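Remarks on the overall topology
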Amino acid sequence: MDTEASCESDDGMSGSGRGAVLKEEMKQMEAGHNAIAQAIELRRSKGLPLHDLSRVDPIGVLPSFSAELLIEASRRYFLNRDYQADPQGSGEARRTISEWYHVNHQLELTPERIIITASTSESYQLLLQSLCPPGSTILVPSPSYPLLDEFALQRGVSTRGVPLRRHAQWRYAPQSFEGFLDQSVAAVVLVSPNNPTGTIVGADELIAIINLLKALPYRPPLIIDEVFAQALHGEERTCHYLAMETDYPVILLNGISKSFCAPDLKVGWMGLNEAAWRQYGNTLVYANDLLLSCSGLSQSLTVAMMREGGHYQATVNESLALRYRRTLKLLGERHWLRVSSPQGGWMAMAELVPDGHRRSTVGNDEQFFECAAKEGVVLHPGYFYGVHEPGLWGAFSLLSDEHVLVGGLDILEELLTERLVGAPDRG
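These notes cover the structure that comes with them.

Reading the values: rules and limits
- Residues numbered from 1 in each chain as written.
- Predicted model: local features only at pLDDT ≥ 70, side-chain atom pairs only at ≥ 80, totals over all residues.
- Heavy atoms only, no water.
- Buried < 20%, exposed > 50% of the residue type's maximum accessible area, 1.4 Å probe, protein only.
- Helix = DSSP H or I, 4+ residues; strand = E, 2+ residues; numbered from the N terminus.
- Pairing = 2+ DSSP bridges.
- Contact = heavy atoms within 4.5 Å.
- Patch = residues over 30% accessible without salt bridge, like charges linked within 9 Å, V, L, I, M, F, W, Y side chains within 5 Å.
- Areas by Shrake-Rupley, 256 points an atom, 1.4 Å probe, with all protein chains shown as cover.
- Salt bridge = Lys/Arg side-chain N within 4 Å of Asp/Glu carboxyl O.
- Axes fitted to C-alpha atoms, helices over the stretch in contact; angles between N-to-C directions.
- Expected span 1.5 Å × (residues − 1).
- Arc of directions from axis to C-beta.
- Phe/Tyr/Trp six-rings, centres within 6.5 Å; stacked < 30°, edge-to-face > 60°.

1. Structural notes on the pairing of strand E10 (residues 347-352)
- Most of E10 sits inside the fold, with six of its six residues counted as buried.
- The side-chain alternation of E10 yields two buried faces, one formed by Met347, Met349 and Glu351 and the other by Ala348, Ala350 and Leu352.
- Sheet analysis places strand E9 (residues 337-340) next to E10, joined by four bridges and oriented antiparallel. Directly across from Ser340, in E10, lies its bridge partner Met349.
- Counting the residues between successive antiparallel strands, the hairpin from E9 to E10 contains six residues, one of them, Gly345, with a positive phi of roughly 90 degrees.
- Where E10 and strand E13 (residues 392-397) come together, six bridges link them in antiparallel fashion. Counted as the bridge partner of Leu352 is Leu392 from E13.

2. A few points about the environment of Lys214
- Mapped onto the secondary structure, Lys214 falls in helix H7 (residues 203-214).
- Residues within four places of Lys214 in sequence aside, it is in contact with Asp247 and Tyr248.

3. Some thoughts on a nonpolar patch on the surface
- Residues Tyr286, Leu290 and Leu291 make up a contiguous nonpolar surface patch of about 350 Å² in total accessible area.
- Note on placement: Leu291 falls in the loop between helix H10 (274-289) and helix H11 (296-308).
- The class of Leu291 is partly exposed, set by a relative accessible area of 46%.

4. Section: the sheet that holds strand E12 (residues 380-381)
- Spatial ordering of the open sheet is given by E9-E10-E13-E12, a layout of four strands whose pairing is antiparallel. Edge positions in the open sheet fall to E9 and E12, since each of these has one partner strand only.
- On top of the sheet, helix H12 (residues 312-332) reaches E9, E10 and E13; it is set at about 150 degrees to E9, its chief contact.

5. Details of H7
- The terminal C-alpha atoms of H7, which comprises 12 residues, lie 16 Å apart, in line with the 16 Å expected from a rise of 1.5 Å per residue.
- For H7, every residue scored as buried is listed here: Glu205, Leu206, Ile209, Ile210, Leu212 and Leu213. Projected onto a plane normal to the axis of H7, the buried residues spread over an arc of 155 degrees and lie on a single side.
- The inward-facing, buried residues of H7 contact helix H6 (174-178), strand E5 (185-191), strand E6 (222-225) and helix H8 (241-244).

6. A few points about the packing of aromatic side chains
- Enumeration according to the criterion identifies 14 aromatic pairs in this entry.
- The interplanar angle of 75 degrees and the centroid separation of 6.2 Å between the aromatic rings of Trp100 and Trp269 together place this pair among those described as edge-to-face. With Trp100 in helix H3 (residues 91-105) and Trp269 in strand E8 (residues 268-272), the pair connects residues that are 169 residues apart, well separated along the chain. The exposure classification of Trp100 matches that of Trp269, with both residues buried.
- Aromatic pair Tyr383 and Phe384: ring centres 5.3 Å apart, planes at 80 degrees, arrangement edge-to-face.
- Exposure remark for Phe384: the relative accessible area of 10% places this residue in the buried category.
- Aromatic ring contacts, followed pair by pair, group Phe65, Trp100, Tyr101, Tyr241, Phe260, Trp269 and Tyr312 into a single cluster.

7. Regarding helix H5 (residues 147-155)
- All buried positions along H5 are accounted for by Leu148, Asp149, Phe151 and Ala152. Buried positions in H5, seen along its axis, are confined to an arc of 165 degrees and lie on one side of it.
- At the C-terminal side of H5, Gly156 shows a positive phi close to 80 degrees.

8. With respect to the side chain of Thr96
- Inspection of the secondary structure puts Thr96 in helix H3.
- Residue Thr96 is classed as buried on the basis of its relative accessible area of 2%.
- Setting aside residues no more than four positions away along its own chain, Thr96 makes contact with Val303, Met306 and Arg307.

What follows is the structure in structure tokens.
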């Protein structure tokens, strides 16, 4: 792969130029984030109320896994403690993950092609370290969670956002990838369901993207992040497992953070199809062996959760479905919100439209969200995720309590009204 090649994109900007732009955008985003964070911290220090409309921590919100089962599993672990380091993670844990995919998703992912990490974030870091030379590029959906940009910058790798189709509920558009592919691309990332849009990649879209990649003289691996795959809304199911059955190198990322509402236990994994294992298996196992950061206790607890909690995920999905319907109903009742209904995940994207008919172009987006934070509303701005559409965009959590959501929406509505008529900033 010629990673030194200058890559002309659809905007005529070279890879190095895009990298400089990305760094500047990240600086601006971080400045906005810091201003919002400072406003929130000031309110906390004064004991003032906060309406958190961006909560993504499921602990205390969604049903927790049985504490008794976890305590008993911990007891068994310590009574039979026997540390045997495995560069791919515990054999028992990998077998259990393999069985879980077979039972729940009819996917044949053998334990030998699973690598256990401490989190999906660590999986991304290992992939960037092992597969993406400095100066190369990865393609990511846009909008998407900004952590990938941070990881890439630390590695000296650029990210290119492939735009999702906003007017089609943020769906993937395979034809959009063509203008972003060149020899600098070291990997292509799909997130399904996407965060924050809740988009599920469709079967036709998926096959079209893989066929596009197959036609390239170089073969960047396809990385599919499915951490929200257990949180689906409506009738549409995920179909990205089709990619695992192809002869193209595909790497699947998941963990128990979202699927078992256990972000504190820190267990993730990479699942490689046969083509990816042949090409990258040894490299990724070696990289993981250098860290071995996922604890034996957490892996043991994962085994217990997957084997003994058959009814648990159904309970979580029922609770999430109630919150999903309630949140979308409350958002839909506000005439100044245009909500994109997510197909999965814990977030919903919405455009904030002051007069209910046209996009807002009044004032500064960063200032609006800073002002909202000063008034006690925590809401992730769309530009945090790479939304560059005209107007104000926000990512609303589906986990917000009803009274918190209503109170926060009331404040936002008042701020939007002031913004429309040109009232002075109350912050």
